[in-house]
Amino acid sequence: MHRIGLIVILVLAAFLLFYKLDQYPRGIHIDEVRVGNTAWSILKTGKDFYGNTLPLYFNSFGDYRPMGLMYLTVPFLWLGGLSIWTTRLPGAIAALISIFVFFILLRSFFPKGITAIGATTVFVLSPWLLILGRSTSESLPALALVLFGLWCWVKGREGKNGKMLIVGTAAFITSFFFYHSPRVFVPLVILYFPFTAWHFFRGQFRHFLFHWIVITLASLSLIFLVPGGAGRFHQTSLLSDPEIVKHVTSLTEDEGPGRVLQARTLHNKGVVVSQKFLSNYFRYFSYEFLFGDGGKPLRYSVGDVGMLSIPVLPFLLVGLRMFMRSKSWRWFTLWWLITAPIAAAATFDFQPNVQRSIFLLPVFAMLAGIGMEEAWKLVGIKYRVVFVGVMIASTIGWSYFAVHQYAVHMTGIQKNERDVNLTILASFIHKQTEYDRIVMASSPIPSYEHVLFETGFNPLLVQESGDIRETIQWQYGRYTFVRDHCPSARTVVNLQEKTLFIDSAICDPTVSTRDIGVLGDTPIDTYYRLRVPKAQ
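Note that this is a predicted model, so its numbers are computed, not measured.

Visitor: Got a minute to help me understand the overall build of the protein in this structure?
Guide: For the protein, the count of helices and strands is 24 helices and eight strands. Looking at the protein residue by residue over its 536 residues, the buried ones come to 53%. Within the protein, contacts between residues separated by at least 24 positions form 72% of all contacts whose residues are at least 6 apart in sequence. When the accessible surface of the protein is totalled, it reaches about 23900 Å², and 65% of it is carbon and sulfur.

Visitor: Got a minute to help me understand the sheet that holds strand β5 (residues 479-482) in this structure?
Guide: Pairing is mixed in the open sheet, where six strands are placed in the order β4-β5-β3-β6-β8-β7. The open sheet is flanked by β4 (473-476) and β7 (513-519), the only strands paired with a single partner. Taken over all neighbouring pairs, the strand axes of this sheet differ in orientation by 20° on average, direction set aside. Pairing of β7 with strand β8 (residues 528-533) involves six bridges; the strand directions are antiparallel. By the bridge assignment for β8, R514 is matched with V532. Contacting β3 (437-441), β5, β6 (499-504), β7 and β8, helix α22 (residues 420-431) crosses the sheet at an angle of about 30° to β8.

Visitor: Looking at this structure, how should I read helix α9 (residues 182-189)?
Guide: For an α-helix the count is 3.6 residues per turn, leaving residues at separations of three or four pointing the same way. By the criterion of burial, α9 is predominantly enclosed, with six of the eight residues buried. The complete set of buried residues in α9 reads P182, R183, F185, V186, P187 and V189.

Visitor: What's the story with the state of the cysteines in this structure? I'm lost.
Guide: By the definition in use, this model includes one disulfide. The disulfide partner of C486 is C507, and the gap between their sulfur atoms is 2.0 Å. Its S-S torsion of approximately -90° makes the covalent link between C486 and C507 left-handed. Highlighted residues: C486 in the loop between β5 and β6 and C507 in the loop between β6 and β7, separated in sequence by 21 residues.

Visitor: Please clarify how the packing of helix α1 (residues 2-18) against helix α5 (residues 115-125) should be interpreted in this entry.
Guide: Between two packed helices, both the angle of their axes relative to each other and the distance between the axes serve to describe the pair. Contact geometry of α1 with α5 gives a least axis separation of 10 Å together with a crossing angle of 0°. By the angle class used here, α1 and α5 are roughly parallel. Residue-level contacts link H2, G5, L6, I9, L12, A13 and L16 of α1 to I117, T120, T121, V124 and L125 of α5.

Visitor: When you look at the environment of L290 in this model, what are you seeing that I'm missing?
Guide: Summarising the element assignment, L290 is placed in helix α16 (residues 287-292). Note on L290: relative accessible area 4%, which makes it buried.

Visitor: Would you explain the packing of aromatic side chains in this entry?
Guide: Any pair of aromatic rings gets described here by the distance separating the centres and the angle formed by the planes. Evaluated as defined, the whole model comprises 36 aromatic pairs. With 6.0 Å between their ring centres and 65° between their planes, F109 and F332 make a pair best called edge-to-face. Separated by 223 residues along the polypeptide, F109 in helix α4 (residues 84-109) and F332 in helix α18 (residues 330-339) bring together distant segments of the chain. Comparing F109 with F332 shows no difference in burial state: the two are buried. A centroid spacing of 6.4 Å and a plane angle of 20° characterise the contact between Y476 and Y479, whose relative ring orientation is stacked. Each of the two residues, Y476 as well as Y479, counts as buried. Three or more aromatic residues joined by ring pairs form one cluster here, namely F49, Y50, F58, Y448, F457, W474, Y476, Y479 and F481.

Visitor: Which parts of the structure should I look at to understand unusual backbone geometry?
Guide: What is expected of a backbone is that most residues other than glycine have negative phi and most peptide bonds are trans. Here the residue pair K296 and P297 is connected by a cis peptide bond, since its omega of 0° sits within 30 degrees of zero. Turning to its location among the elements, P297 is positioned in the loop between α16 and α17 (313-322). Here Q351 and P352 are connected by a cis peptide whose omega angle stands at -10°. If you trace the backbone, P352 turns up in the loop between α19 (342-345) and α20 (360-379). Backbone geometry at K20 places phi at a positive 50°, although glycine is not the residue there.

Visitor: Explain the pattern of salt bridges to me, please; I cannot follow it from the model alone.
Guide: When their charged atoms lie close together, side chains carrying opposite charge are able to pair. Here the structure, examined in full by the defined rule, presents nine salt bridges. For D31, the salt bridge goes to R299, with nearest N and O atoms at 3.0 Å. Of the two residues, D31 sits in helix α2 (residues 30-45) while R299 sits in the loop between α16 and α17, which places them 268 residues apart along the sequence. A salt bridge links D349 to R356; its shortest N-O distance comes to 2.9 Å. As far as burial versus exposure is concerned, D349 and R356 are alike and both buried.

Visitor: Explain the pairing of β6 to me, please; I cannot follow it from the model alone.
Guide: Each regular strand shows side chains that alternate between the opposite faces of the sheet. Buried residues dominate β6, accounting for six of its six residues. As paired strands, β6 and β8 are joined by four bridges and run antiparallel to one another. Bridge pairing in β8 places D503 opposite R529.

Visitor: Even after reading the chapter, I still don't get α20, so can you show me in this structure?
Guide: A rise of 1.5 Å per residue sets the reference length of α20, with its 20 residues, at 28 Å; its end C-alpha atoms lie 29 Å apart and thus fit the reference within 8%. Here α20 lies mainly inside the structure; 16 of its 20 residues are buried. Positive phi appears at G380, one or two residues downstream of α20, with a value of about 75°.

Visitor: Where do I start with a nonpolar patch on the surface in this structure?
Guide: Judged by side-chain polarity, L209, I213, L217, L220, F224, L225, F233 and L239 come together as a nonpolar surface patch covering roughly 770 Å² of accessible area. A total of five residues in the nonpolar patch trace back to one element, the largest contributor, which is helix α11 (residues 205-224). Its location among the elements puts L220 in helix α11.

Visitor: Can you help me understand the side chain of S488 in this one?
Guide: Positionally, S488 belongs in the loop between β5 and β6. There is a polar contact of 2.4 Å between the side chain of S488 and the side chain of D503. Ignoring anything within four residues of it in the chain, the contact list for S488 reads F501, D503, T510, T513 and R531.

Analysis parameters
Residues numbered from 1 in each chain as written. Predicted model: local features only at pLDDT ≥ 70, side-chain atom pairs only at ≥ 80, totals over all residues. Heavy atoms only, no water. Helix = DSSP H or I, 4+ residues; strand = E, 2+ residues; numbered from the N terminus. Buried < 20%, exposed > 50% of the residue type's maximum accessible area, 1.4 Å probe, protein only. Contact = heavy atoms within 4.5 Å. Areas by Shrake-Rupley, 256 points an atom, 1.4 Å probe, with all protein chains shown as cover. Pairing = 2+ DSSP bridges. Axes fitted to C-alpha atoms, helices over the stretch in contact; angles between N-to-C directions. Disulfide = S-S within 2.5 Å. Parallel < 35°, antiparallel > 145°, perpendicular 65-115°, else oblique. Phe/Tyr/Trp six-rings, centres within 6.5 Å; stacked < 30°, edge-to-face > 60°. Salt bridge = Lys/Arg side-chain N within 4 Å of Asp/Glu carboxyl O. Expected span 1.5 Å × (residues − 1). Patch = residues over 30% accessible without salt bridge, like charges linked within 9 Å, V, L, I, M, F, W, Y side chains within 5 Å. Polar contact = N/O pair within 3.5 Å; in protein donor to acceptor, adjacent residues only side chain to side chain.

Take a look at the structure:
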């Protein structure tokens, strides 16, 4: 039964993850473009977009993204070329793998009953997984690796198998090369194993403690010892939040002169940061995040759809009540629930954050599965057909609504977030073969990365053209990118070259150019103006 159920779930998940993957979500976000461009550059030259040889991090604006997903994407580009489909495919496959690994982990906790099947179904049908799985998210390979690592450690503890601990440790450390959150979550959540080994499995304590130390040192080394490792931490940590600094200063000034001790005691940065952390932390358990309007950034928001499906809510509530009675890993489940949002809550931007809190999804699904098991027992054999019918009907109804929101209304919500107009621009430019030179605005949103992605660029030529981050005007082949809204008003024209200018919509016409058209998502949504020299 479990095997058939798993096959059905995986087939359903594959359809939801792979169907029209290159069309939905519409457009391609700049983070996805950077994954594809960097992987393409690595494939062709062994260097990233900016000429760094096999780096551990990719630095676009001081964020220092781990390169794991870029390297994982390389073989897909080698097989299928640079495209939206091949760039998104590794993340979708990682989501599918995480489903399988989650199921076998649950079977270790709950070998009997419907908990494993029920929880995996919740996992698959959650907008959380499907939105990220179709959006080139580096959090999903990290999730699959962490779930696999946990399964190995569970098996290692049950069978006292040192080899499984080693494999699990390797999986945990590998996850650090994909995303930042595991570097905080993993050392915290696996602390359960040496702690419980001390009390219940004393012979295993030293083994678990040794592996925990190795994992923790690996995490700290990647953050604080490897160049760039702390870049994202310094960007997003609550300690770096400028609003907190302003708030502390304001509170201190309100105390007035002569009350320094009281101000430093009550309104120091530690107190304010702690308050903000707790505020962020509990948002991850709110109805608004889980079932209301979802989380941030906006590109992961569907609109009126939360991170979990609404039919799951009653089972989640029952599961929360019942799991403490379970003898199967109840304290580990509780510890997982407590530690999963910590990394996300410690940051100040895009709260509540969909990617950084991804490790909450499995434990919520697990609790819902426990609730399903309990409900299945309570309804009795006589009413189980009705119970299953109600579950299926409610799930289909809600899923239809969620898919409709995703396919129809999400484009309006995310049009700017997912750079739809830049995707239109890049596709248009690729077809303009009659022009010798195309000069386009690269401000306020950089256009060059989308154009290079669409045209299947030559990485060697890009690397030889210099670092665009340090220039006002950047030349690649026949394309010129200008950090200005209105390049037609700033660029000297060579009349021997047939030139096309692409200005932002806000630019007025110049005396030396004439308009030949506009570009935008709709006929009334003008985003770019197409212009050519009058003398041309």
